[in-house]
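# Close look at the chain arrangement
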Amino acid sequence: MDLTFDHRFVKVNGINMHIAEKSPSVAGNGNFDGVLRRPVILFLHGFPELWYTWRHQMVTLSSLGYRTIAPDLRGYGDTEAPESVDAYTSLHVVGDLIGLIDAVVGEREKVFVVGHDWGAIIAWHLCLLRPDRVKALVNMSVVFDPWNPKRKPISSFRSFYGDDYYICRFQRVGLFDSHQKKMGFTLQEYGEIEAEFAKVGTERVLLELLTYRNPGPILLPKGKRYDDPVSLPSWLTEYDVKYYVSKYEKNGFTGPLNYYRNMDRTWELMGSLSNAQVKVPVKFIIGDQDLTYHIPGTKKYIHEGRFKSHVPLLDEVVVLKGVGHFLHEERPDEISKHIHDYFLTF
Amino acid sequence: MPPNKKKGEMEGIDHRMVKVNGITMHIAEKGPKEGPLVLLLHGFPDLWYTWRHQIIGLSSLGYRAVAPDLRGYGDTQSPESFSEYTCLNMVGDLVALLDSVAGDRETVFLVGHDWGAIIGWFLCLFRPEKIKGFICLSVPYKPRNPKVKPVEGFKAVFGDDYYICRFQEPGKIEEEIACADPRRVLRNIFTGRKLGPTILPKDNPFGANPNPNSENIELPKWFSEEDLDFYTSKFDKTGFTGGLNYYRAMDLNWELTAPWTGAKIQVPVKFITGDFDMVYTTPGIKEYIHGGGFAADVPNLQEVVVIEDAGHFVNQEKPQEVTAHINDFFKKLQDKDNNKSF
């Protein structure tokens, strides 16, 4: 298996973005130009991951003729992580991706998109804001959650799941100076979870999250101990873990955590897209052991029509039996086939 | 006449408060309930009132005219932080407003002037499926420049005293307006004919005649003492900070609208300006409007109208002409629609 990827940095939307690419191998006649005209798949990772989560799909799909591109999203891995906690709304991240598509594919060009976890949320927003740049979407794990004026995210999570719910624990814990608040400034707020992560250790934190297989919500009570040995699932090797740990140890968790810290602000701004439908062709894949599939109301939403009413071009929903949250790593060939089969129809 | 008729209100215009997007919004409306809906958006430092003639005119032509006080103005709520005055917040208000007033209508007609035109452009960018046609007064589309932030861009071209730069510091221009007397400042803004770019020197920013008798200088025919009273009373009550927050959120807007870099306006548009408008006469604008740039960014730009002998508030200066232009354009679009269904 050819695990070589091309890595480079692209300046987009004011940040330096690291991307990994794998393209169809150049034919003996040196036809570079042909490669640039191949259909592009943009892969969007989630939390707590990196471009690396897509390694299997990139190998398979590039051999099938696609230009595959997987960035480290803003705040992750080798991509710049702006200091301001306010610089991580969906508007910022989608802005990065438009800049990326403009730079590496072309202005006005459309791409295929594949998203997972936070990458799926970003993909939904990319399709809402710029349907003119997305040819078709294969989204995984996280359904489209239509904007609801009555459901401000964090307070809703808190009342539904309690203070130990991981998203609540990830929030910023800052003190506003009331004068500064009046002036519109936000103090450089800090989160307390980073310190707790440091105590537990980067590797252990990642292992806990990557191997999570409980269909229930993730709860992180303060002071919980993480001493029991964790065994690696078949789809996660020591090498994989080393790679993730090296990047997260270098850059920390704050960038990725800032996405959660902007859920309320994104919600506030996305009122402008209230009742907007996702007008891009979509195939949705989810594992039946994924905790997202077990969020109350989700199965009904998916199978009884509401999902399709918000995503009218939802062509197919696939539920993989016995598969968990990281489905594209658990069943890489199956997922690659689903992606290829779908994009072939365009 | 109704016994408790408020000062400056015109007969037959209904007023009410609507809960939208987390704030309470005041709207003025008139016209047959089932008529095609026209949403009218005012600018700075203005109010629903700027549309008084269009509201009367359009409603008598069968339209349902709806003119809100935008967030931060008049009888609508003014959130405290400038970060709540981004175009996304504004469009959120208007989308919620349309949900409330548009009923079964899938699309509406849109008219915007000054900042209302800018908000209109964003509404067309974010929710083109809701807008049948857009009449833009005074302020053409300005595509986002990913390399240059707005305020530093203006500063580089027009200097520190360019009005947008002078509006940035919280509290400062409010002080200067208070010193120069809000009534006089408003009078000069509405009736002034100074050509662009608008510069506010740090001493004597509003070019206010220190002559205390300047009150006696005649107002133009189209702007009465009662009109000035109405504006002054509203801005005395709210202050100018709400409206100024739009300017203070421009850089933040730029940051948040990165996704729409390079996006074109797809909605049918008619552009109207007065030939003495300080925007139209700001260097670069005429070239953009007439030289092809505007049409390239707005592929469905159908008409550009320059009204002679009119300034910035063309909808107040030449009300019948503007109303006729609006009706003309919307009727054309409506007829096109009706023909499609055959």
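Analysis parameters
Residues numbered from 1 in each chain as written. Chains lettered and ligands numbered in written order. Predicted model: local features only at pLDDT ≥ 70, side-chain atom pairs only at ≥ 80, totals over all residues. Heavy atoms only, no water. UniProt positions renumbered as here; feature names shortened; annotations may be inferred. Helix = DSSP H or I, 4+ residues; strand = E, 2+ residues; numbered from the N terminus. Rg over C-alpha atoms; globule rule 2.2 N^0.38 Å. Contact = heavy atoms within 4.5 Å. Areas by Shrake-Rupley, 256 points an atom, 1.4 Å probe, with all protein chains shown as cover. Lys, Arg positive; Asp, Glu negative; His and termini not counted. Charge placed at Lys NZ, Arg CZ, Asp CG, Glu CD. Pairing = 2+ DSSP bridges. Axes fitted to C-alpha atoms, helices over the stretch in contact; angles between N-to-C directions. Salt bridge = Lys/Arg side-chain N within 4 Å of Asp/Glu carboxyl O. Buried < 20%, exposed > 50% of the residue type's maximum accessible area, 1.4 Å probe, protein only. Core = buried A, V, L, I, M, F, W, Y, C linked by side-chain atoms within 4.5 Å. Right-handed = clockwise from strand over helix to strand, strands pointing away.

- The name given to chain B in an unreviewed UniProt entry is soluble epoxide hydrolase, with the source organism recorded as Thlaspi arvense.
- We quote the UniProt Sequence similarities (unreviewed entry) comment for chain B here in full: "Belongs to the AB hydrolase superfamily. Epoxide hydrolase family."

- Looking up chain A in an unreviewed UniProt entry gives the name soluble epoxide hydrolase, with the organism given as Thlaspi arvense.
- Of the comments in the UniProt record for chain A, the one headed Pathway (unreviewed entry) reads "Secondary metabolite biosynthesis; terpenoid biosynthesis."
- The annotation that UniProt attaches to chain A under Sequence similarities (unreviewed entry) is "Belongs to the AB hydrolase superfamily. Epoxide hydrolase family."

### A few points about the overall build of chain B
- Check the secondary structure of chain B and you find 14 helices and eight strands.
- By the compact-globule yardstick of 20 Å for 342 residues, chain B fits well, its C-alpha radius of gyration being 19 Å.
- Overall size of chain B, expressed as C-alpha extent along the three principal axes, is 65 × 55 × 40 Å.
- Long-range contacts, defined as pairs at least 24 residues apart, comprise 78% of the intrachain contacts of chain B with a sequence gap of at least 6.
- Counting every atom, chain B has about 14200 Å² of accessible surface; 53% of that belongs to carbon and sulfur.
- Here chain B contributes 39 positively and 46 negatively charged side chains, and the mean placements of these two sets differ by 3 Å.

### Here we look at the sheet that holds strand 5 (residues 108-113) of chain B
Residue and element names in this part refer to chain B.
- Strands sit in the order 1-2-4-3-5-6-7-8 across an open sheet of eight strands; the sheet is mixed. Either end of the sheet is taken by a strand with one partner, and the two such strands are strand 1 (14-20) and strand 8 (301-307). The mean inter-strand angle of the sheet, taken between neighbouring strand axes irrespective of direction, is 20°.
- Bridge count between strand 5 and strand 6 (residues 131-137): six bridges; the pairing is parallel. Bridge pairing links Val108 to Ile131 in strand 6.
- Across the sheet, helix 3 (residues 115-126) is in contact with strand 3 (37-41), strand 5, strand 6 and strand 7 (269-274); its angle to strand 6 comes to roughly 155°.

### Points about the sheet that holds strand 6 (residues 134-140) of chain A
All names here are of chain A.
- An order of 1-2-4-3-5-6-7-8 is seen for the eight strands of this open sheet, with the pairing classed as mixed. The open sheet is flanked by strand 1 (6-12) and strand 8 (314-320), the only strands paired with a single partner. With direction set aside, neighbouring strand axes in the sheet form an average angle of 20°.
- Two strands pair when backbone bridges link them, and strand 5 (residues 111-116) and strand 6 are joined in this way by six bridges, in the parallel orientation. Paired with Val113 across the strands is Leu137, a residue of strand 6.

### Looking at the pattern of salt bridges
All names here are of chain A.
- Inspection of the entire model under this criterion finds 44 salt bridges over all chains.
- Between Arg172 and Asp86 there is a salt bridge, and its shortest N-O distance comes to 3.2 Å. Taken as a pair, Arg172 in the loop between helix 6 (166-169) and helix 7 (178-182) and Asp86 in the loop between strand 4 (67-71) and helix 3 (90-104) lie far apart in primary sequence, 86 residues in all.
- The exposure class of Arg172 is partly exposed, given its relative accessible area of 21%.

### Details of the nonpolar core
- Of all hydrophobic cores here, the largest spans 223 residues; its most connected members are Phe307(A), Phe343(A), Leu39(B), Leu97(B) and Phe330(B).
- Setting aside chain neighbours within four positions, we find Leu97(B) in contact with Val18(B), Val20(B), Met25(B), Ile27(B), Leu39(B), Val66(B) and Pro68(B).

### What to know about unusual backbone geometry
- Following Phe44(B), the chain continues to Pro45(B) via a peptide bond in cis, the omega torsion being -15°.
- Relative to the helices and strands, Pro45(B) is located in the loop between strand 3 and helix 1 (52-60).
- Following Gly196(B), the chain continues to Pro197(B) via a peptide bond in cis, the omega torsion being -10°.
- Mapped onto the secondary structure, Pro197(B) falls in the loop between helix 7 (182-191) and helix 8 (225-238).
- Not every positive phi belongs to a glycine, and Arg108(A) is a case in point at roughly 75°.
- Turning to its location among the elements, Arg108(A) is positioned in the loop between helix 3 and strand 5.
- Classification of Arg108(A) by relative accessible area gives exposed; the value is 66%.

### Observations concerning the pairing of strand 6 of chain A
Residue and element names in this part refer to chain A.
- Counted residue by residue, strand 6 has six buried out of seven residues, so it is predominantly covered.
- Remark: the strand 5/helix 4 (residues 118-129)/strand 6 crossover connection has right-handed handedness.
- Sheet analysis places strand 6 next to strand 7 (residues 282-287), joined by four bridges and oriented parallel. From the neighbouring strand, Leu137 faces strand 7, where its bridge partner is Val282.

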